[in-house]
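# Tertiary structure, described
If you want the building blocks of each chain, they are given just below.
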Amino acid sequence: MDTFDRKKDQLGIHPATAQHRLKKIVVFDLVKRLGENICYRCKKEIISEDDLSLEHKIAWLDNSPDLFWDLENIAWSHLSCNIRAARRYKTNSSRGKTRGKSKHLGVSYNACQKRKKRWLAQQRFGNKKRKIGYFHTEEEAANAIKLAGGYEPK
Ligand SMILES: [Zn+2]
């Protein structure tokens, strides 16, 4: 029996799964010790590591990958609260309440930024994205994309 099989045999689960679970337990223990186990969404205590979820305060997708890595943009929440918020984000996005996609390809809305122009216009060529700029209105942003040569659909 090799090491992998011995580990799997003795742990009773895949070693990678065990490693992942252990990391989660350690992180939760640290978070709890720091008193940071408070949900960013509902402000209630997070009691178990199974309900701990890492979330981004400002959605990074279709916005900026820098936000994914920005530690200032990280918060803890209940897994259930995070999932609920993600669902809400999807249903609200077309109305563009705080941030979200527009009906125009390449246009997205972001109210979380301290700027007056909140409609971001982006172009895509193949797998590359390029920021054109921020605009006051959705239509202006859509127009800028048109003028720049359009948004290449996938
Ligand atoms: Zn919560």
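A short tour of the structure in this document, coming up. (Residues numbered from 1 in each chain as written. Predicted model: local features only at pLDDT ≥ 70, side-chain atom pairs only at ≥ 80, totals over all residues.)

This part is about the nonpolar core. Within soluble globular proteins, side chains that are nonpolar generally end up buried alongside one another. Judged by nonpolar contacts, Val107, Tyr109, Trp119, Leu120, Ala121, Ala141, Ala142 and Ile145 together constitute the single largest core of eight residues. Secondary-structure elements contributing two or more residues to this core are β4 (107-110), β5 (119-125) and α5 (138-147). Excluding anything up to four places from it in sequence, Leu120 contacts Val107, Ser108, Asn110, Lys131, Tyr134 and Ala141. (Core = buried A, V, L, I, M, F, W, Y, C linked by C-beta atoms within 7 Å. Buried ≥ 20, exposed ≤ 12 C-beta atoms within 10 Å, placed from the backbone. Helix = DSSP H or I, 4+ residues; strand = E, 2+ residues; numbered from the N terminus. Contact = placed C-beta atoms within 7 Å.)

What follows concerns helix α1 (residues 3-11). Little of α1 is tucked away: zero of the nine residues are buried. Once α1 finishes, Gly12 follows within two positions and takes phi at roughly 85°, a positive value.

With that settled, consider unusual backbone geometry. Phi angles above zero are rare outside glycine, and Lys43 is one such case at about 65°. Within the fold, Lys43 resides in the loop between α2 (15-33) and β1 (52-56). By the C-beta count within 10 Å, which is 9 here, Lys43 ends up exposed. Even without a glycine there, the phi angle at Asp62 is positive, about 65°. Counting through the fold element by element, Asp62 comes out in the loop between β1 and α3 (66-69).

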